[in-house]
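Chain residues, written in single-letter form:
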Amino acid sequence: MTIKGLLERKSAVYTEMMALAHNVRKENRDFTDADYKEIEANIQRLERANAYDADMSAKDVLVQAEAPKLSTEERYSHAFKKYLRGGNASLSADEKSLLVEKRVNVSDVTTKGAFTVSTALYDQFVETMKFFAPIINEVNVIRTASGQPMDFTTFNETNKTASFVGSQASTISEDEMAFGTTSIDVHTAATMVKLSWELLQDNEFNLEGEMGRLLGERVGRLLESAMTNGTGTNEPTGIVTDAGAGITAASASVFTRNELVNLIHSVDPAYRARGAKFMFNDSTLSAIKQLTIGASDARPLRQPSIRENAPDTIDGFSYVINQAMDDVATGNVPVLFGEFNCYYAREAGSLSLRRLDERFADSLVSGFLLYGRYGGKLVKTDAVKKLTMA
C-alpha cells in the first residue's frame, strides 16, 4: 500500500469506529458482542497499519546506515520489497533510480512502469515453475538479453559417412552438406493477481515467496502446454508439433509393447545413446504399467528402479511425466521418445512486474501484473519421434 493509501485506510477505519459508536448512542442501547468484535477487528487493522509503517521506517534507517556495506543486489532487494508492499510512493529517489536502472529492456516498458523482479522472487518463481512445467527440466534452456529472433543452423547427417580412398590417384566423391535454418522467436506471457491492502500490510506474510510460488505455477502451466503442443503463432512451437513421424498405432484406443519398441528404434541410435527418454502423461503411464513383455513373459514392461535415485525405466529408458501430453484417443499423440535436449526453450530479457493501485483502489486491493517473454522450438526434428494413434 502507498503512504497515501495507508493514511486513507487509517482514516477510514477511524471513521467506521466513530460511526459505530454514534449508532449505539442513537439507538440508546449497549454494545453487542458483534459491535465489540467489529471494534476489535478495526483496532487490529490499525495496529497492522502502524506496525507496517514502523517496520518499513526501521528498515529504511538500517539500509541507509549500512548502505556502504551492502551490495547492489541487497539494496535492490530492499527497494523491490518496498515497491511490492507500498508502491512507487513509498520509494525514495535513490530507490526509484536503482529500480529503473535494472528495468528490463523492452520497447514499451517505460510507459508500463514495470520493474525487474528481485532475485528472491525470481528464484522461487523458477523453482515452482519447474514443478508445473517439468518439460523445462528436460530441454535446453537458453537466456538472452533481448528478444530479437535467434537463428539456428540445421542439418541432418545421419545418413552421411566418410569413405576410404582406394589409391592416391582416386577422386574423393563430393557430397555437399544440406544446411537449413530455423528461428526461435519469443512471445509475451502475462498474468495478474490481486492482493488486499490488509494482506500487504501484514509483515508475517512472505510476499515475495508467495507471489513467486503463485505466479510460477501459473506461468509453468502455460509453458508446459505451449512447449508441448504450441503452434508457433503467438506462442512457442511445441515439441509434439515439431517431432518427427515415428510410429502410427494400429488401434485408436490402445497401443502395444511392440509399437513402443518400434518407436524406440525409429530414433537414430546416436540420439538414443545420448540420454533419450519417453514423454507422456500420467494416464498413459497407467496404460503402460499394464503392458507386459509378452511371449509368455508376464513381467511388466515398466521396470521400477531397485537403486536409490535411479529412475524407473521402460525397456531400459527412463521417462518424463508431462500432463500437457494427449490422452490415448483417435488421432492423438500420447507418447514421445527421443533426445529432448534438442528442444531449445528460450527466455528473453528479465521477468518483470508492475503494481497497479488506482485501477482497484475502490476495492481496497492492488493488482500485480507479471510478464516475461518465452519461445521454444525443436531444432533437430529427427531427434524426437512420436507415437500417433490411428
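What this report covers is the structure whose coordinates are included nearby. (Residues numbered from 1 in each chain as written. Predicted model: local features only at pLDDT ≥ 70, side-chain atom pairs only at ≥ 80, totals over all residues. Heavy atoms only, no water.)

A look at the pattern of salt bridges
Then, number 1: Overall, the coordinates contain 10 salt bridges when judged by the stated rule.
Then, number 2: For Glu347, the salt bridge identified is with Arg143, shortest N-O distance 2.8 Å. A residue pair is termed long-range when its members are at least 10 positions apart, and Glu347 in strand S14 (residues 343–356) and Arg143 in strand S2 (residues 140–144) qualify at 204 residues.
Then, number 3: Glu347 sits in the buried class, given a relative accessible area of 8%.
Then, number 4: In this structure, Arg355 and Asp357 form a salt bridge, with 2.7 Å as the shortest nitrogen-oxygen distance.
Then, number 5: Given the relative accessible area of 6%, Arg355 is considered buried.
Then, number 6: According to the relative accessible area criterion, Asp357 is buried, its value standing at 17%. (Salt bridge = Lys/Arg side-chain N within 4 Å of Asp/Glu carboxyl O. Helix = DSSP H or I, 4+ residues; strand = E, 2+ residues; numbered from the N terminus. Buried < 20%, exposed > 50% of the residue type's maximum accessible area, 1.4 Å probe, protein only.)

What to know about the nonpolar core
Then, number 1: Of all hydrophobic cores here, the largest spans 70 residues; its most connected members are Met211, Phe278, Leu336 and Leu353.
Then, number 2: Top element by residues in this core is helix H8 (residues 207–229). It accounts for six residues. (Core = buried A, V, L, I, M, F, W, Y, C linked by side-chain atoms within 4.5 Å.)

Let's talk about helix H4 (residues 93–101)
Then, number 1: Considered for burial, the residues of H4 that qualify are Glu95, Leu98 and Leu99. For H4, the arc enclosing every buried residue in end-on projection is 95 degrees, short of the 170-degree limit, so these residues lie on one face. Turned more than 90 degrees away from the buried face of H4, the exposed residues are Ala93, Asp94 and Glu101. (Arc of directions from axis to C-beta.)

Concerning the packing of helix H3 (residues 72–86) against H8
Packed helix pairs are specified by the crossing angle of their axes together with the interaxial distance, meaning the distance between the axes.
Then, number 1: The geometry of H3 relative to H8 is characterised by a closest axis approach of 10 Å and an angle of 75 degrees between their N-to-C directions. Viewed along their axes, H3 and H8 adopt a mutual orientation that is roughly perpendicular. On the side of H3, the interface is formed by Ser77, Phe80, Lys81, Leu84 and Arg85, while H8 contributes Leu207, Glu208 and Met211.
Then, number 2: Its residues placed into classes, the contact of H3 with H8 shows four nonpolar, one polar and three charged. (Axes fitted to C-alpha atoms, helices over the stretch in contact; angles between N-to-C directions. Parallel < 35°, antiparallel > 145°, perpendicular 65-115°, else oblique. Contact = heavy atoms within 4.5 Å. Nonpolar A, V, L, I, M, F, W, Y, C, P; charged D, E, K, R; others polar.)

Here's the deal with the sheet that holds strand S16 (residues 384–388)
Then, number 1: Taking strand neighbours across the sheet as the criterion, the five strands line up as S6-S16-S13-S7-S12 in an open arrangement whose pairing is mixed. Single-partner strands in this sheet number two, and they are strand S6 (244–248) and strand S12 (319–321). Taken over all neighbouring pairs, the strand axes of this sheet differ in orientation by 25 degrees on average, direction set aside.
Then, number 2: Along the sheet face, helix H10 (residues 257–265) touches S6, strand S7 (277–280), strand S13 (335–338) and S16 and points at about 35 degrees away from the line of S13. (Pairing = 2+ DSSP bridges.)

Structural notes on the pairing of S16
Then, number 1: The buried fraction of S16 amounts to four of the five residues, a majority that puts the element mostly inside the structure.
Then, number 2: Pairing between S13 and S16: four bridges, direction antiparallel. For Leu336, the partnering residue across the bridge sits in S16 and is Lys386.

Observations regarding the environment of Gln323
Then, number 1: For Gln323, the location among the structural elements is in the loop between S12 and S13.
Then, number 2: A residue is classified by how much of its surface remains accessible, and Gln323, at 56% relative accessible area, is exposed.
Then, number 3: Residues Gln323 and Arg221, spaced 102 residues apart in sequence, show a C-alpha to C-alpha distance of 9.3 Å.
Then, number 4: For Gln323, the side chain forms a polar contact with the main-chain nitrogen of Asp282, separated by 2.8 Å. (Polar contact = N/O pair within 3.5 Å; in protein donor to acceptor, adjacent residues only side chain to side chain.)

Focus: the packing of aromatic side chains
Then, number 1: As enumerated under the stated definition, the model contains eight aromatic pairs in all.
Then, number 2: An angle of 85 degrees between the planes, with centres 5.0 Å apart, marks the rings of Phe317 and Phe337 as edge-to-face. Placement of Phe317 in the loop between strand S11 (313–314) and S12 and of Phe337 in strand S13 is noted, with a sequence separation of 20 residues between them. Like Phe317, the residue Phe337 is buried in the burial classification.
Then, number 3: Among the aromatic residues, those joined into a ring-pair cluster are Phe278, Phe280, Phe317, Tyr319 and Phe337. (Phe/Tyr/Trp six-rings, centres within 6.5 Å; stacked < 30°, edge-to-face > 60°.)

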